Amino acid sequence: MNAHITELMFFPVKSLAGFSLQEAQLTPTGIAYDRHWMIANESGRFITQRQSNFASLALIKTSLSSEHLILSKEGLGDFLIPLKYQPRERFSATVWRDEVQVVDEGIEVAQWLQEACGCNTPIKLVRMANNTQRPQSKPDILGKHTHTHFADSAPLLVTNMASLEALQAQCNETISMLNFRPNIVIEGLAAFEEHKVSTLRHPNYDLSLRQPCQRCVVITINPHTAERYPELQPFKQLSSLNTMPDNPKAPAFGENAVCNVTNNTVIKVGDTLDVIY
């Protein structure tokens, strides 16, 4: 049985808007530059749309040029951050329970971000310090040699179009894959059949599906307006439709995945994948 990649999504900064790609470089830590940066508070704790006063992060757009990460917000124009690593003083930041060494991208972008999200508290844009590695908090599930930058869990998130269609049928509001912020969107499987798959195999790479992705309140934020959907949609509907295998009250959507690749591997929209159960 085969599946096909219908969309590739890319989120350079954790919790900011992302964009679609036709092809991307696939690395052991996921798509190159995906979740490569994150926003942190003054003490180094990560900040996301989960916090009610930061839902507007969804409206800050991102893009990449050959030399820069580009942040943009209507009314503020663009802010450019060099892709090339800038050596600066290291300090500790935390992503969930993981502590990692990072560097600050500077006061200018911090001030731009504060204005863009309308917050009064100090925030900063950080990237991982050179020659450092985020600890692996789930070695039994993801493998002890698997590492990420600032993704919540795994290097990749794989979702299934049929699962979205099944969920949409239960919702009054229009939802999309952007609500779930995946990297790889596939079609060819029945709704939620991705949870039965062990591997999606391409001649140049393997995607190993390791664990359903437990969803949080971020999926209730309209990615185009940063407003909450009424009645906890689609969180409430997903909770009755598809849940974590070890927690029947926790909604699941998509699969956390790791990849077996070399650093020069390219993944493309349209790639055909052998489905291994």
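First, a word on what this report is: a plain description of the structure on this page.

Ordered by their spatial adjacency, three strands build an open sheet running β7-β8-β9, and the pairing between neighbours is antiparallel. Looking along the sheet, the strands with just one partner apiece sit at the ends: β7 (61-64) and β9 (77-82). Pairwise comparison of adjacent strand axes, ignoring direction, gives a mean angle of 25° for this sheet. Strand direction decides the pairing type here: β7 and strand β8 (residues 68-73), joined by four bridges, are antiparallel. Paired with K61 across the bridge in β8 is S72. The strands that helix α1 (residues 107-117) touches are β8 and β9; relative to β8, the one it contacts most, it runs at about 30°.

The next point concerns the packing of aromatic side chains. Counting across every chain of the model gives six aromatic pairs. Measuring from centroid to centroid gives 6.1 Å for Y33 and W37, while their planes differ by 15°, and the two rings are stacked. Ring-pair connections join several aromatic residues into one group, and the members of that group are F180, F192 and F253. Geometry around F91 places K124 over its ring, the cationic atom sitting 4.8 Å from the centre.

With that settled, the discussion passes to the sheet that holds strand β10 (residues 90-95). Taken in spatial order, the five strands make up an open sheet running β6-β5-β12-β11-β10, and their pairing is antiparallel. The sheet terminates laterally at β6 (46-47) and β10, the two strands that pair on one side only. As defined by bridge partners, strand β11 (residues 98-104) adjoins strand β12 (residues 123-128) across three bridges and the pair is classed as antiparallel. When the bridges of β12 are listed, V103 appears paired with R127. Lying on the sheet, α1 is in contact with β5 (37-41) and β12; it crosses β12 at an angle near 125°.

So, about the environment of M38. Within the fold, M38 resides in strand β5. In this structure the C-alpha to C-alpha distance between M38 and H145, which are 107 residues apart in sequence, comes to 22 Å.

Next up on the list: the nonpolar core. Among the nonpolar cores identified, the biggest contains 24 residues, and L26, I184, I186, L200 and L207 are the most heavily contacted of them. Of the residues forming this core, the biggest block, four residues, is contributed by strand β1 (residues 2-10). Residues contacting L207, with those up to four places away along its chain left out, are L26, L156, I184, S198, T199, L200, V258, C259 and L273. Residues V13, I47, L57 and I60 belong to the second largest nonpolar core, which totals 20 residues.

What counts, and at which threshold
Residues numbered from 1 in each chain as written. Predicted model: local features only at pLDDT ≥ 70, side-chain atom pairs only at ≥ 80, totals over all residues. Heavy atoms only, no water. Pairing = 2+ DSSP bridges. Helix = DSSP H or I, 4+ residues; strand = E, 2+ residues; numbered from the N terminus. Axes fitted to C-alpha atoms, helices over the stretch in contact; angles between N-to-C directions. Contact = heavy atoms within 4.5 Å. Phe/Tyr/Trp six-rings, centres within 6.5 Å; stacked < 30°, edge-to-face > 60°. Lys NZ or Arg CZ within 6 Å of the ring centre and 35° of its normal. Core = buried A, V, L, I, M, F, W, Y, C linked by side-chain atoms within 4.5 Å. Buried < 20%, exposed > 50% of the residue type's maximum accessible area, 1.4 Å probe, protein only.

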